[in-house]
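Residue-level listing of the chains:
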Amino acid sequence: MASLSRALRVAATRPHWSPARGLGPRSLTSRAGSTTEKSVPYQRTLKEAPGPLEAAQGPRQLLPSTANVVVIGGGSLGCQTLYHLAKLGVSGAVLLERERLTSGTTWHTAGLLWQLRPSDVEVELLAHTRRLVSHDLEQETGLHTGWIQNGGLFIASNRQRLDEYKRLMSLGKAYGVESHVLNPAETKALYPLMNVDDLYGTLYVPHDGTMDPAGTCTTLTRAATARGAQVIENCPVTGIRVRIDDFGVRRVTAVETEHGSIQTPCVVNCAGVWAGTVGRMAGVKVPLVAMHHAYVVTERIEGIQNMPNVRDHDASVYLRLQGDALSVGGYEANPIFWEEVSDKFAFGLFDLDWDVFTQHIEGAINRVPVLEKTGIKSTVCGPESFTPDHKPLMGEAPELRGFFLGCGFNSAGMMLGGGCGQELAHWIVHGRPEKDMYSYDIRRFHHSLTDHHRWVRERSHESYAKNYSVVYPHDEPLAGRNMRTDPLHEELLAQGCVFQERHGWERPGWFNPGGAAPVLHYDYYGAYGKQAHEAHAYSGLLRAEYTFDFPPHHDVIKQECLTCRGAAAIFNMSYFGKFYLVGLDARKAADWLFSADVSRPPGSTVYTCMLNHRGGTESDLTVSRLAPSPQASPLAPAFEGDGYYLAVGGAVAQHNWSHITTVLQDHKFRCQLIDSSEDLGMISIQGPASRAILQEVLDADLSNEAFPFSTHKLVRAAGHLVRAMRLSFVGELGWELHIPRLSCVPVYQAVMTAGAKHGLVNAGYRAIDSLSIEKGYRHWHADLRSDDSPLEAGLSFTCKLKSATPFLGREALEKQRAAGLQRRLLCFTVDEKVPMFGLEAIWRNGQVVGHVRRADFGFTINKTLAYGYIRDPSSGPVSLDFVKSGDYTLERMGVTYPAQVHLKSPFDPDNKRVKGIY
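Just so we're clear, the structure is a prediction, and the values are computed from it rather than from any experiment.

Cut-offs used in this document
- Residues numbered from 1 in each chain as written.
- Predicted model: local features only at pLDDT ≥ 70, side-chain atom pairs only at ≥ 80, totals over all residues.
- Heavy atoms only, no water.
- Helix = DSSP H or I, 4+ residues; strand = E, 2+ residues; numbered from the N terminus.
- Rg over C-alpha atoms; globule rule 2.2 N^0.38 Å.
- Buried < 20%, exposed > 50% of the residue type's maximum accessible area, 1.4 Å probe, protein only.
- Contact = heavy atoms within 4.5 Å.
- Areas by Shrake-Rupley, 256 points an atom, 1.4 Å probe, with all protein chains shown as cover.
- Phe/Tyr/Trp six-rings, centres within 6.5 Å; stacked < 30°, edge-to-face > 60°.
- Lys NZ or Arg CZ within 6 Å of the ring centre and 35° of its normal.
- Arc of directions from axis to C-beta.
- Pairing = 2+ DSSP bridges.
- Axes fitted to C-alpha atoms, helices over the stretch in contact; angles between N-to-C directions.
- Left-handed = near helix turned anticlockwise from the far one by under 90°.
- Nonpolar A, V, L, I, M, F, W, Y, C, P; charged D, E, K, R; others polar.

This part is about the overall build of the protein. The number of helices and strands found in the protein is 21 helices and 41 strands. Taken over C-alpha atoms, the radius of gyration comes to 28 Å for the protein, in line with the 29 Å a tight globule of 918 residues would show. For the protein, the proportion of its 918 residues judged to be buried stands at 62%. For the protein, restricting intrachain contacts to residue pairs at least 6 apart in sequence, the fraction spanning at least 24 positions comes to 74%. Per element, the accessible surface of the protein, about 33100 Å² overall, is 51% carbon and sulfur.

Here's what the structure looks like:
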């Protein structure tokens, strides 16, 4: 047997990869099929690929002619989805597996389950998986899934890493997840074989554990078939049949296989690495890539029994307990892409590339020194699928009704499988999941990106390479940048704009007094023979903000905020989604889609929400009523009937588009949804001097009487026709200008010229975040999500409940209002000057009652503000008396800070400033 140290020496004799050197002559990709003779000595003990006769066998049972749902793929997600569909009472659900259950990727997965992640939704998903495999399935079937509760230990080699773990610990308290921060001596007592000399501390989670892929999938399918589901193995899918209905909508009608077809209105793509192939059968884009992912299994280690699994993120290595041995693996900066995904690959493995894997061995030996003399029993290098943001792909595909995704799990398909399988089943049966699954929803990606090869590849690589990096609040990707830029991009770049990326769009983050900081082409961090950027100003600015303290550019953002409050700031918001809803049934559609009454006279603009049938908030946006026009212009299409102009945050524009489109299709409304996002720019001028500045640029009277709040007009700005709206997202007097693309630069320059004597400055979204939280304005997908109702979020004013007009979600809101709110969004301020970013635990009278969704520093009030939902621990409604009678603290990284609760915004609670009253 080879020892880890010998493997290290063997690899050291070859050209060794480093970020600075790159891989040199070694090929970036592998075209290998299953494993051949290895180049280092060890014995492989895992399952071999099936022989020709076994693989050639067809299914053992006849295919049904029809099914309510067909799940494609018998891995973790396919089995979990089938089980949860059956549990919801779906009869006639069928799972098709081209080989045998767990083939492809699930069978060789490590099966680790860590309960804490920097996402409240993921903590909930993981909790369901753990409950299912550790208790529920065994109670239901009498079968043991193979679950082992041996605990988890996160290693911190520096203060920032330990701060990250302390944030997880505080979040865990809101969900009842036990965890403990240990010092090096305590860590040594828990794990005697560990080297703790270089440790800063650890986070111990005693109820973490290890899942068995085969045992879990077997138990799931046994339980599913007992409830009437069918599992058919050795049945490759060859096609998806699609029809176009009378309204031009593409819908699933059947699944074709080598052994017959199944009529079905619903297909679920759980094909893992092969999900792209299945997607292409249906004309659906699936943005994922396949990569080699590896670990090695050691010989027996005396004293390792019952030790917790270990994640040493700074060494990019994990150590999984495997009986009396360890599995050693991790994430490297130079993973191998599997370019030509073979449809014959089932239970095979790739050759392990020791040049790539060596870095994990170094980290493992440093952490557990006995490994230096421990033999290698086997290596496991198999395919896994990875996505551009390291999040799964779920939900109904926007291109095809009835085609759902449950794939791209980035090696986390076992631990996320239970929670995601449950949510996907709800999605299929009820039209939406129970939890807020936006971060996993395929509709989060703009349609221009999902089949863009370079973007998918670059972003997937970076997400893989940074999987073990600290998750900092203000980090930005370096891969796949400059995909979508607005007309002001170069103008602002020259003025020091530090851009953020939101689903392809470059939007202003903040403005650097030190000058331009362009985002350079992606260098793959020096891997694959690429030359790493030696001088990259943008990357340097990002690295400077790798902290959980106030960032070094805190005072720069402070100046942008205070100038907006004291004079004026101009914000480039051109990345916004800009849609027209027009046609004969547009008013009917608007009445149903929007929670507020938007059918007001032309010239009115309304802030509203869009809800789902459970009363959750799918979006918040502004809707402007248009007058009919037979003549098209850059600022409005020609239309008959009614028309509305919709403006929504650019990061969620695709989600909004898909939600509206689905509602229009389901109700067969005769109207059009037109996307003009790329055709129009948008700048917003906010602050007490905004009226004086714009009065020099616009040919319209901007007085309160002539141009009231929440109205819009077509006006000329420096000779260019624009749509001006009197709105504010920061709580100041201000206007938005919606501008045809070719007019953006001259209009912006005219505004800047007029504003020079008034102290007008450029400002970005970091300032917007601070200013808006100070005013109490909600941010969708932060303090307002698809499982939050407007009543819970304090937005009842956006709901036309006093009218008799039906709208989507109304019944749910009425029931909620009658029963009383089970949770309520509250504003907190902290007097001590301490940074908070969200995920902090909220304590009331010594009990945890929730966690912070969104937090920032308010420069005008000079305090940290935080928003979070609280519940009554006794399960009663959260009344205003309950809110007022509590004493509150917020827990940040294990330390609690006294907090004041506010029922109104602490800044300008009477809304005088937006009315121009200063």
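The subject of this paragraph is the packing of aromatic side chains. Under the defined criterion, the tally for this structure stands at 29 aromatic pairs. Seen from their ring centres, Y575 and F576 are 5.9 Å apart, and the 80° between their planes marks the pair as edge-to-face. In this structure Y575 comes out as buried when scored by relative accessible area, which is 6%. With a relative accessible area of 14%, F576 lands in the buried category. A connected cluster of aromatic rings, assembled from ring pairs, spans F337, Y522, Y524, Y525 and Y528. Its end group placed over the ring of Y645, R723 keeps NZ or CZ at 5.8 Å from the ring centre. Over the ring of F550 we find K833, and its NZ or CZ is 6.0 Å from the ring centre.

Here we come to helix 8 (residues 275–282). Among the residues of helix 8, A275, G276, V278, G279 and A282 are the ones counted as buried. Take helix 8 and look down its axis: the buried residues cluster within an arc of 160°, on one side only. Elements in contact with the buried residues of helix 8: strand 3 (69–72), strand 11 (237–244), strand 12 (250–257), strand 14 (267–269) and strand 22 (403–407). G283, located one to two residues past helix 8, shows a positive phi value of around 75°.

Strand pairing in a sheet relies on backbone hydrogen bonds. The paired strands run either parallel or antiparallel. Spatially, the six strands close up into a barrel ordered 36-39-38-37-40-41, and their pairing is antiparallel. Within this sheet the neighbouring strands show an average axis-to-axis angle of 40°, counted without direction. Across four bridges, strand 36 (residues 823–830) lies against strand 41 (residues 895–902) in antiparallel orientation. In the sheet register, F828 faces strand 41, and the bridge partner there is V901.

Moving on: the environment of V317. Mapped onto the elements of the fold, V317 is located in strand 17 (residues 317–322). A relative accessible area of 1% means that V317 is categorised as buried. Placed 22 residues apart in sequence, V317 and Y295 show a C-alpha to C-alpha distance of 9.6 Å. Among all residues touching V317, those that are not within four sequence positions of it are V310, R311, D312, V328, G329, G330, H360, G363, A364 and Y468.

Right, let's talk about the sheet that holds strand 32 (residues 712–717) for a bit. Here six strands make up an open sheet; going across it, the order is 32-33-34-31-25-35 and the pairing mixed. Whereas interior strands pair on both sides, the edge strands pair on one side only; in this sheet they are strand 32 and strand 35 (761–763). Looking at each pair of strands side by side, their axes are set apart by 30° on average, direction ignored. Where strand 25 (residues 569–572) and strand 35 come together, three bridges link them in parallel fashion. Along strand 35, the bridge assignment pairs F571 with A763.

Of all five residues making up strand 8 (residues 201–205), five are buried, and the element is well covered by its neighbours. Both faces of strand 8 are covered, namely the face carrying G201, L203 and V205 and the face carrying T202 and Y204. Relative to strand 8, strand 6 (residues 152–156) runs antiparallel, the two being bridged by five bridges. By the bridge assignment for strand 8, A156 is matched with G201. Pairing geometry for strand 7 (residues 180–182) and strand 8, over three bridges, is antiparallel. Of the residues in strand 8, the one forming a bridge with L182 is T202.

Between helix 15 (residues 586–593) and helix 16 (residues 653–667), the least distance of the axes is 11 Å, while the angle of their chain directions is 120°. Two packed elements cross with a definite hand, and for helix 15 against helix 16 that hand is right-handed. Between helix 15 and helix 16, the residues in contact are A589, W592 and L593 and H659, I660, V663, L664 and H667, respectively. Residue composition of the contact of helix 15 with helix 16, by class: six nonpolar, two polar and no charged.

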